[in-house]
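Coordinate inspection notes
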Amino acid sequence: FDYQEKNQFWSHELNLVSTTEGPLSWIVGGYFYHQSYKQPVHTIEDPRQVQYQISPPFGVCLSGTGAAVAPTACPPGIGRRFDNRPAVDNKSYAFYGQVSYEFTPELTFTGGIRYSHDRKYGKESVRLLCFGLPSCLSGLPPELFAAPLDLTGVNTVVAGGSGGGIDVVPEGVEGGTIYDPATGFATRRYDTSWEAVTGTAKVEWTPDEDTLVYGSYAKGYRSGGFNIGIFTVLSFLPYSDKETVDPFELGVKKNWGPTLQTNLAQYYYDYTNLQIP
């Protein structure tokens, strides 16, 4: 395999922070992020394997998109068994604010809130050929074929039709799978977004200069994404949902003289839509 990652991104953040003395302190800000990510992966061409350069006489080759998809003659191969070309952009922005207030010199409360919005969009193109078992035809003979088998248009292998079948468009997919009769590639576009309002609340108590007791709660958020790229060959389930977590924490930090400190904490994390590949 020839495996590449082409990644570029930039971000901006603007914060306004209080500078006056007193029991109240605050910060407000905004954030913007843009990433362009490409991950082309293909098998290495072997000039001795000339079968991958001819027009596959077997398999299902298609032309068009959606309801207009129709069978067509398979175009010549490009010397590769597998060629996958995902390219996705990510645009994210957020606005947030946080305040802290000292009710007494020993007791401080902190609260914050944040709005996050993430959009990911792009496309993925793939062509998949097969020349031998066990990766073709579920292991049926012959072990080697007289010519490659084109699997790009086989909907049980590559999500096709309107996206994941004849009439089903999976979540996160924009439109149907597009088949190019000139190149044999199947292409699918992705576009979706996620958003969340999150925040935090924390109480700190310092009865003396060597002791800190605290309790906190927060709402965490991670944007969704696309399960695409190498080995997915236009996945039937490309969409991953956003993930949230509610973490609770209680703790104490204590100095016992100049050389010893004790840190104790208890955590509880409550996940929703935990995304595990």
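The rules we used
Each chain carries its own residue numbering, running from 1 in the written order of its sequence. Side-chain atom pairs in this predicted model are given and counted only at pLDDT of 80 or more, local residue features only at pLDDT of at least 70, and totals for whole chains, interfaces and linings cover all residues. In computing side-chain values, all of the structure's heavy atoms are included and hydrogens and water are not. Two rings belonging to Phe, Tyr or Trp (six-membered ring only in the last case) form a pair when the distance between their centres is within 6.5 Å. Interplanar angles under 30 degrees mark stacking, angles over 60 mark edge-to-face geometry, and anything in between is tilted. Secondary structure counts use DSSP, requiring at least four H or I residues in a row for a helix and at least two E residues in a row for a strand, with both numbered from the N terminus. Categorising residues by exposure relies on relative accessible area from a 1.4 Å probe, with only protein chains included: less than 20% of the type maximum marks a residue as buried, more than 50% marks it as exposed, and the intermediate range marks it as partly exposed. We call a charge positioned over a ring when the NZ of a Lys or the CZ of an Arg lies within 6 Å of the ring centre and within 35 degrees of the ring normal. When a carboxyl oxygen of Asp or Glu is within 4 Å of a side-chain nitrogen of Lys or Arg, the pair counts as a salt bridge.

Looking at the packing of aromatic side chains
Within the structure shown, the criterion is met by 13 aromatic pairs. Ring geometry for Trp10 versus Phe32: centroids 5.6 Å apart, planes at 50 degrees, classification tilted. Within this pair, whereas Trp10 is found in strand β2 (residues 6-17), its partner Phe32 is found in strand β3 (residues 24-38), the two being separated by 22 residues in sequence. On the basis of relative accessibility, which here comes to 43%, the residue Trp10 falls in the partly exposed class. Looking at Phe32, the relative accessible area reads 30%, which means it is partly exposed. Ring geometry for Tyr269 and Tyr271: centres 6.4 Å apart, planes at 35 degrees, overall tilted. Counting every residue linked through ring pairs, the aromatic cluster contains Tyr190, Trp194, Phe226 and Tyr239. Over the aromatic face of Tyr121 sits the side chain of Arg119, whose NZ or CZ is 4.0 Å from the ring centroid.

Points about the pattern of salt bridges
Side chains that differ in sign of charge can pair as their charged atoms come close. The full count for this structure, using the stated rule, is 10 salt bridges. A salt bridge links Asp191 to Arg119; the shortest N-O distance between them is 2.9 Å. Here Asp191, found in strand β12 (residues 186-205), pairs with Arg119, found in strand β9 (residues 107-132); they are 72 residues apart in sequence, far enough to count as distant. Residue class for Arg119 comes out partly exposed when judged on its relative accessible area of 31%. Close ionic contact of Glu204 with Lys202 constitutes a salt bridge, the shortest N to O distance being 3.4 Å. On the accessibility criterion, Glu204 (24% relative accessible area) is partly exposed. Lys202 sits in the partly exposed class, given a relative accessible area of 30%. In the salt-bridge network here, residues are joined through shared partners; they are Glu45, Arg80, Asp83 and Arg85.

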